[in-house]
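Okay, here's what each chain looks like letter by letter:
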Amino acid sequence: MISAEKIPNNVGLSSNKRLQRALEHWQPQYIQWWKDMGPQGFQDYHQVYVRTAVSVDPSGWAHFEYVRLPEYRWGIFLADPVHDRRIGFGDFAGAPVWQEVPGEFRNQLRRLIVTQGDTEPASVEQQRWLGQRCPSLYDLRNLFQVNVEEGRHLWAMVYLLHSYFGRDGRDEAEELLARQSGNRDKPRILDAFNEPIENWLDFFMFTMFTDRDGKSQLLSLSESSLDPLSRTTRFMLTEEAHHMFVGETGVSRIVERTCQLLKGAGYSEDVRKLGGIDLPMIQKFINLWFSLSLDLHGNEVSTNAASYFGNGLKGRAQEEKWDDHRVTDAFYELEVPAKGGLERKTIPMRTAMNEVLRDWYVGDCEAGVQRWNKIFDRYGMSDRLRLPDRKFNRGIGIFSSLHFDPVGAPLANDEWERRKHEWLPNAADREYLLSIMARPVYEPGKFANYIAPPLRGINRQPVNFEYVRTEA
Ligand code: BYC
C-alpha cells in the first residue's frame with residue numbers, strides 16, 4: 001500500500017484513490033529502474049546526506065538527512081496556488097486558468113509533459129557511473145542530490161500523467177522507464193540526453209548548460225494555462241537552482257585549480273603535466289555542452305512553438321516582463337542561411353518562440369561564463385572562456401546541415417572534418433580526463449588534484465564532513 005508518509009506530498013494523496021492505485025503499479029517499476037539505471041555501486045551500502053522535499057514552505061523543502069538512495073522519499077509537490085490566476089498569454093489571455101486538461105489540447109499537453117519527463121530519468125542514466133570517479137565526497141553527495149531530484153522531477157511529470165491523462169498517461173509513465181539514454185532501439189527523446197557523461201568535466205558542463213535549459217523550459221512551462229503543470233514546474237525550479245550551482249561552481253573550482261597550478265609553475269608549464277585540466281580543454285567542453293543544449297530549444301522556426309503559445313500551453317520565460325502577451329502581429333528578425341552566406345529574415349514572432357527562449361537562455365549562460373572569467377582577473381591572467389557562436393556544432397534547426405567555427409565563420413565540410421577537434425573534445429582529451437579521474441577520492445575533506453575545494457560545505461556542514469558514508 002502506498003503511504004502518504006513514504007511519499008511526501010501536498011496533492012492529497014491519501015484521499016486520492018485513483019492516483020494511489022496508479023502509483024502503486026508504477027512505483028515498484030520506478031524503484032527497479034532506479035536500482036538498474038541509477039548510481040551504480042551506491043545503492044546498498046552507502047548512506048548519503050541529502051536534501052528531501054517534505055513540503056513546499058521554505059523550512060520544508062530543504063530537509064537534510066542520511067538516506068540509502070533507493071529509500072529516498074520521492075515526493076509530489078505543487079507550488080502554492082495563486083488566487084484567481086488568469087491565463088497570461090496567447091489567444092485566451094485573461095481567461096481563468098484550467099484545472100483540467102481541455103480535450104482539444106490533450107495531445108499537445110501530453111507531448112510537452114512526456115518530453116519534459118523523459119529528460120529527468122535520462123540524466124540519471126547518463127550520470128550513473130560517475131560515482132566511481134568522483135573528485136571528493138562533497139562532489140559525490142552533490143551528484144546524488146542532483147540524481148534523486150531528477151528522479152523526483154520524473155515523479156512530478158508522472159503525477160500529471162496519472163492524474164490528468166487516464167490510460168494514455170499511465171502508458172506514457174511506463175514508457176518513461178522503458179526508454180534508455182543512448183539505447184539504439186529505444187533512445188531518449190531529445191538528443192543531448194543520449195550523449196555520454198563519462199567524466200566530471202562533462203557532468204559540471206551538463207549541470208551548467210543542460211540543466212539551464214531545464215531552467216528555461218521550466219520557466220516557460222510554469223507560465224502554462226494548465227494550472228497543475230504551472231504549479232508543478234514552479235516548484236521544480238527551486239530544486240533546479242541547486243543543480244546549476246553544482247555545475248557553475250564545479251567548473252569554477254576546476255578553473256581555480258588550473259590557475260593555481262599555472263601560477264605555481266610560473267605560468268610556463270603544461271597544466272596536464274601537473275595533473276590539471278588545461279584551459280583549451282575546458283573551452284572545448286563549453287563548446288560541446290553549450291551547443292548541445294542550444295539544440296534542446298528546438299527549431300528556430302516552429303509551428304509547434306507557435307501553437308503552444310497561441311493555445312496558452314507554453315509561454316516565454318518570465319512572461320510578465322513582456323508588454324504584448326498575445327503577439328498576433330509582432331515579428332522577429334532571424335539570421336538564416338542564404339545563397340552565398342547569411343541573411344536576415346523577418347518571421348512572425350509566434351513561430352519564433354523557440355528562438356525567443358533561446359535568446360533568454362544564451363543571456364543566462366553568458367552571465368555565468370562572465371562569472372568564471374573573474375577568476376582569471378584574480379590571478380592576473382588575460383585568458384578568457386567564451387560561449388561559441390550559436391551556429392557552431394548545431395544538430396537541430398536551420399544551421400544543422402552547415403558548419404561554422406566558434407566565432408561563427410562558415411566552414412566547408414572538409415575543413416570542418418579536419419579541424420573540428422580543435423574546438424570539440426577528441427579521444428585523447430577524453431582519455432586524459434579519465435586517467436586523472438581513474439582513482440576516486442572517498443576520504444572526507446580530500447579533493448582530486450584537478451579541482452579546488454568549495455568555499456563552504458552543504459547545509460552549513462564543514463567541507464570535510466562525511467557527506468557519503470559506508471555502512472559496515
Ligand atoms: N532533439 O517544432 P520543433 C531538463 C524535434 S531539460 C531531438 O522545433 P518543438 C533537464 C521535435 O520533438 C528541458 N528532437 O519542436 C535538464 C519535433 O519532433 P516531431 C526539457 C528534437 O516541438 C538536465 C521536431 O524536432 N524540457 O529539464 O518546438 C537534467 C520539430 O521541431 C529536438 C523540454 O524540452 C532535439 N533537441 O520542440 C534533467 C520541455 N528539438 O514532432 C532535466 C518540453 C526538437 O517532428 N519540450 N526536436 O517528431 C518542448 O517544449 C519542445 O518539445 C522542445 C522544442 C523545446 C523540445
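Structure first, text after, so check above.
## Some words on the overall build of the chain
Now for step 1: Check the secondary structure of the chain and you find 11 helices and 7 strands.
Now for step 2: For 472 residues, the compact-globule estimate of 2.2 N^0.38 gives 23 Å, and the C-alpha radius of gyration of the chain, at 23 Å, lies within 12% of that figure.
Now for step 3: By principal-axis analysis of the C-alpha atoms, the chain measures approximately 70 × 65 × 40 Å.
Now for step 4: When each of the 472 residues of the chain is scored for burial, the buried share is 57%.
Now for step 5: Of all intrachain contacts in the chain linking residues separated by at least 6 positions in sequence, the fraction that spans at least 24 positions is 73%.
Now for step 6: For the chain, the accessible surface area stands at approximately 19,900 Å², while carbon and sulfur atoms represent 49% of it.
Now for step 7: Within the chain, the 66 negative side-chain charges are centred at a point lying 2 Å from the centre of the 59 positive side-chain charges.

## Quick look at the packing of aromatic side chains
Now for step 1: All chains considered together, the criterion is met by 35 aromatic pairs.
Now for step 2: With a centroid separation of 6.4 Å and 70 degrees between ring planes, the pair formed by Phe 92 and Trp 98 is classed as edge-to-face.
Now for step 3: By way of ring pairs, the aromatic residues Trp 26, Tyr 30, Trp 33, Trp 34, Tyr 72, Trp 74 and Trp 155 are connected into one cluster.
Now for step 4: Sitting over the ring of Tyr 432, Arg 272 keeps its end group 5.0 Å from the ring centre.
Now for step 5: Sitting over the ring of Trp 322, Arg 316 keeps its end group 4.2 Å from the ring centre.

## Let's talk about the site of the ligand
Now for step 1: Near the ligand you find 28 residues, and of these Arg 111, Gln 116, Asn 299, Ser 302 and Lys 314 are the closest.
Now for step 2: With respect to the ligand, the side chain of Gln 116 contributes an N or O atom lying 2.7 Å from a nitrogen atom.
Now for step 3: Taking Asp 295, its main chain carries an N or O atom lying 3.1 Å from a nitrogen atom of the ligand.
Now for step 4: Protein chains shield 83% of the accessible area of the ligand, which is 1,000 Å² for the free molecule.
Now for step 5: Taken atom by atom, the bulk of the ligand overlaps the largest pocket.
Now for step 6: By residue number, the principal contributor to the shell around the ligand is helix H2 (residues 106–126), which donates 7 residues.
Now for step 7: Looking at side-chain class alone, the shell around the ligand contains 8 nonpolar, 12 polar and 8 charged residues.

## Some remarks on a positive patch on the surface
Now for step 1: A contiguous patch of positive charge on the surface is contributed by Lys 17, Arg 18, Arg 21 and Arg 170.
Now for step 2: The element best represented in the positive patch is helix H1 (residues 17–37), accounting for 3 residues.
Now for step 3: By secondary structure assignment, the location of Lys 17 is in helix H1.

## Details of the nonpolar core
Now for step 1: The biggest cluster of nonpolar side chains holds 118 residues, and the ones touching the most others in it are Met 205, Phe 209, Ile 277 and Ile 282.
Now for step 2: When sequence neighbours within four positions are dropped, the list of residues in contact with Phe 209 reads Ile 286, Trp 289, Phe 290, Ser 293, Tyr 361, Cys 365, Val 369, Trp 372 and Leu 387.

Scoring rules and cut-offs
Residues numbered from 1 in each chain as written. Predicted model: local features only at pLDDT ≥ 70, side-chain atom pairs only at ≥ 80, totals over all residues. Heavy atoms only, no water. Helix = DSSP H or I, 4+ residues; strand = E, 2+ residues; numbered from the N terminus. Rg over C-alpha atoms; globule rule 2.2 N^0.38 Å. Buried < 20%, exposed > 50% of the residue type's maximum accessible area, 1.4 Å probe, protein only. Contact = heavy atoms within 4.5 Å. Areas by Shrake-Rupley, 256 points an atom, 1.4 Å probe, with all protein chains shown as cover. Lys, Arg positive; Asp, Glu negative; His and termini not counted. Charge placed at Lys NZ, Arg CZ, Asp CG, Glu CD. Phe/Tyr/Trp six-rings, centres within 6.5 Å; stacked < 30°, edge-to-face > 60°. Lys NZ or Arg CZ within 6 Å of the ring centre and 35° of its normal. Near = heavy atom within 4 Å. Polar contact = N/O pair within 3.5 Å; in protein donor to acceptor, adjacent residues only side chain to side chain. 1 Å grid on protein atoms, 1.4 Å probe; cavity = no way out; pocket = protein on both sides within 12 Å on 5 of 7 lines; lining within 4 Å. Sits in = over half its atoms within 2 Å of the grid points. Nonpolar A, V, L, I, M, F, W, Y, C, P; charged D, E, K, R; others polar. Patch = residues over 30% accessible without salt bridge, like charges linked within 9 Å, V, L, I, M, F, W, Y side chains within 5 Å. Salt bridge = Lys/Arg side-chain N within 4 Å of Asp/Glu carboxyl O. Core = buried A, V, L, I, M, F, W, Y, C linked by side-chain atoms within 4.5 Å.

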